Amino acid sequence: MAATTHKVIVALDYANLADAKSLVSKLNPDYCHLKVGKELFTATGPAFIEYLHSKHFKVFLDLKFHDIPTTVKKACEAASQLGVWMINVHASGGSIMLEAALEGINKSNQPPLLIAVTVLTSMNQKILEEIGVTIKLEDQVLHLAKLAEGSGLNGIVCSAKDLEFLKDQLHKSFLYVTPGIRMTGDDTNDQERTMTPIEAIKVGSSHLVIGRPITQSANPSETLEKIYLEIN
Ligand code: C5P
C-alpha cells in the first residue's frame with residue numbers, strides 16, 4: 001500500500017464491478033485514494049476492497065454508519081478488519097454511539113481514520129425543521145462537529161465553504177474531508193456550493209472528495225494528475 005496520504009480521494013460512484021474496475025485501471029495510487037460508498041459496496045462487497053488493496057490504493061469506505069451503539073461498534077470493527085484507511089459514521093447518532101464506533105475500530109491492529117458526517121449537504125433548514133431541529137443549519141453543523149471532536153474522532157465530512165466558520169473552533173489536527181469540488185468551467189451537476197481544488201486546500205481542506213470531474217473526464221488519469229500537481 002502507498003505510504004503517502006494523498007489529498008485527493010476519487011469517489012467510485014458506480015453500480016457494478018466492471019465500470020469501477022475500468023476507472024480504477026486508469027488511476028495511479030501515487031496520486032489518489034479511492035472512496036467506495038454504499039452503492040458499490042452493496043454490489044461488490046469486501047472482495048472489491050481486497051482488489052483495490054492489491055492495486056496499492058488506500059480506501060475510504062463511505063458507509064455512514066448510524067444505528068444503536070453495539071451495532072455501530074461491530075460494524076466499525078468489521079470495516080476495520082478489511083484494512084481500509086478511513087471509515088465514517090453519522091455524528092447525529094450521539095456521543096455514546098461515536099465512542100462505540102471508536103471502540104470498534106480500536107479492536108483492529110491498524111485502526112482506520114474515523115470521521116463523522118455532520119449535516120448532509122442535501123439537507124436544508126426546512127428539512128432540518130421537518131425532523132425537529134430548529135436551530136440554524138450552520139449551528140447544527142458546528143454542534144455536531146464539536147460532538148465528533150469531543151468523542152475522539154479524527155475529523156468530519158463537510159463542505160469546504162463551511163470551513164470559514166468551523167476551522168477556528170476545532171483542534172488544529174482535525175481532518176476536513178470536503179466533497180463539492182469542481183475545476184473552473186466544470187459542470188457543477190447537483191452540487192450547490194462548489195470550490196476549486198486549490199481554493200479548498202487554501203481554506204483548510206485536508207482531503208478533497210472528487211467524483212464526476214474525474215470519473216466522467218475524457219481522460220481521467222490526466223485530469224487526476226493535473227489536480228495532483230495543482231495542489232502539491
Ligand atoms: O461527483 P461528485 O464530485 O459530486 O461526487 C462527490 C462525492 O461525494 C459523491 O460520492 C457524494 O456522494 C459524496 N458526498 C457529497 N456530499 C456530502 C457527502 C458526500 O457530495 N455531503
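Above this note sits the structure.
Heads up: these notes are all about the structure in this document. Note that the structure is a prediction, hence the values are computed from the model and not measured.

Before going further, it helps to examine the nonpolar core. Core analysis: the largest hydrophobic core is formed by 64 residues, its most contacted members being Leu12, Val36 and Val89. Sort the elements by how many residues they give to this core and helix H7 (residues 137–150) lands first, with six residues. Apart from the residues lying within four places of it in its own chain, the contact partners of valine 36 are Leu12, Phe41, Phe48, Ile49, Leu52, Val59, Phe60, Leu61 and Asp62. With 11 residues, the next largest nonpolar core counts Ala11, Ile115, Leu175 and Val209 among its residues.

With that settled, the discussion passes to the site of the ligand. The environment of the ligand is made up of Ala11, Asp13, Lys35, Thr121, Pro179, Arg182, Gln191, Val209, Ile210, Gly211, Arg212 and Pro213. Taking threonine 121, its side chain carries an N or O atom lying 2.7 Å from a nitrogen atom of the ligand. Between the ligand and the protein, one listed contact pairs an oxygen atom with a backbone N or O atom of glycine 211 at 2.8 Å. Relative to its unbound accessible surface of 470 Å², the ligand loses 83% to contact with the protein. Looking at the shell around the ligand, the elements that each hand over two or more residues are strand S8 (207–210) and helix H10 (212–215). Taken together, the residues of the shell around the ligand sort by class into five nonpolar, three polar and four charged.

Moving residue by residue along a regular strand, the side chains alternate between the two faces of the sheet. Across the five residues of strand S5 (residues 113–117), four count as buried, placing the element largely inside the fold. Judged from the five bridges that link them, strand S4 (residues 86–90) and S5 form a sheet pairing that is parallel. Considered in S5, the bridge of histidine 90 is made with valine 117. After leaving S4, the chain enters helix H5 (residues 95–105) and then returns to the sheet as S5, a path that is right-handed. Relative to strand S6 (residues 155–157), S5 runs parallel, the two being bridged by three bridges. Opposite valine 117, over in S6, you have valine 157 as the bridge partner.

One way to put it is that helix H1 (residues 17–24) packs onto helix H3 (residues 46–54) with a least axis distance of 12 Å and a crossing angle of 15°. Regarding the angle of H1 to H3, the classification is roughly parallel. Our pair here, H1 against H3, has a crossing hand that is right-handed. Between H1 and H3, the residues in contact are Leu17, Ala20, Lys21 and Val24 and Phe48, Tyr51 and Leu52, respectively. Of the residues contributing to the contact of H1 with H3, the split by class is six nonpolar, no polar and one charged.

The next thing to look at is the sheet that holds S6. On the basis of which strands lie adjacent, the closed barrel formed by eight strands has the order S1-S2-S3-S4-S5-S6-S7-S8 and parallel pairing. On average, each strand axis in the sheet is inclined to that of its neighbour by 25°, with strand direction left out of account. Of the strand pairs in this sheet, strand S7 (residues 175–178) and S8 are connected by two bridges, and their pairing is parallel. Counted as the bridge partner of threonine 178 is leucine 208 from S8.

This part takes up the pattern of salt bridges. Per the stated rule, a full pass over the model turns up five salt bridges. Here aspartate 62 and lysine 35 are joined by a salt bridge, their closest N and O atoms 2.7 Å apart. With aspartate 62 in strand S3 (residues 59–65) and lysine 35 in strand S2 (residues 33–37), the pair connects residues that are 27 residues apart, well separated along the chain. Considered together, aspartate 62 and lysine 35 belong to a single accessibility category, that of buried residues. Residue arginine 193 is joined to aspartate 162 by a salt bridge in which the shortest nitrogen-to-oxygen separation is 3.0 Å. Residue arginine 193 is located in the loop between S7 and helix H9 (197–202), and its partner aspartate 162 is located in the loop between S6 and helix H8 (163–166); the two are separated by 31 residues in the primary sequence. The exposure class assigned to arginine 193 is partly exposed, which follows from its relative accessible area of 42%. Shared partners join several salt bridges into a network, and the residues in it are Lys35, Asp62 and Lys64.

Scoring rules and cut-offs
Residues numbered from 1 in each chain as written. Predicted model: local features only at pLDDT ≥ 70, side-chain atom pairs only at ≥ 80, totals over all residues. Heavy atoms only, no water. Core = buried A, V, L, I, M, F, W, Y, C linked by side-chain atoms within 4.5 Å. Buried < 20%, exposed > 50% of the residue type's maximum accessible area, 1.4 Å probe, protein only. Helix = DSSP H or I, 4+ residues; strand = E, 2+ residues; numbered from the N terminus. Contact = heavy atoms within 4.5 Å. Near = heavy atom within 4 Å. Polar contact = N/O pair within 3.5 Å; in protein donor to acceptor, adjacent residues only side chain to side chain. Areas by Shrake-Rupley, 256 points an atom, 1.4 Å probe, with all protein chains shown as cover. Nonpolar A, V, L, I, M, F, W, Y, C, P; charged D, E, K, R; others polar. Pairing = 2+ DSSP bridges. Right-handed = clockwise from strand over helix to strand, strands pointing away. Axes fitted to C-alpha atoms, helices over the stretch in contact; angles between N-to-C directions. Parallel < 35°, antiparallel > 145°, perpendicular 65-115°, else oblique. Left-handed = near helix turned anticlockwise from the far one by under 90°. Salt bridge = Lys/Arg side-chain N within 4 Å of Asp/Glu carboxyl O.

Coordinates in, geometry out; function isn't part of it.
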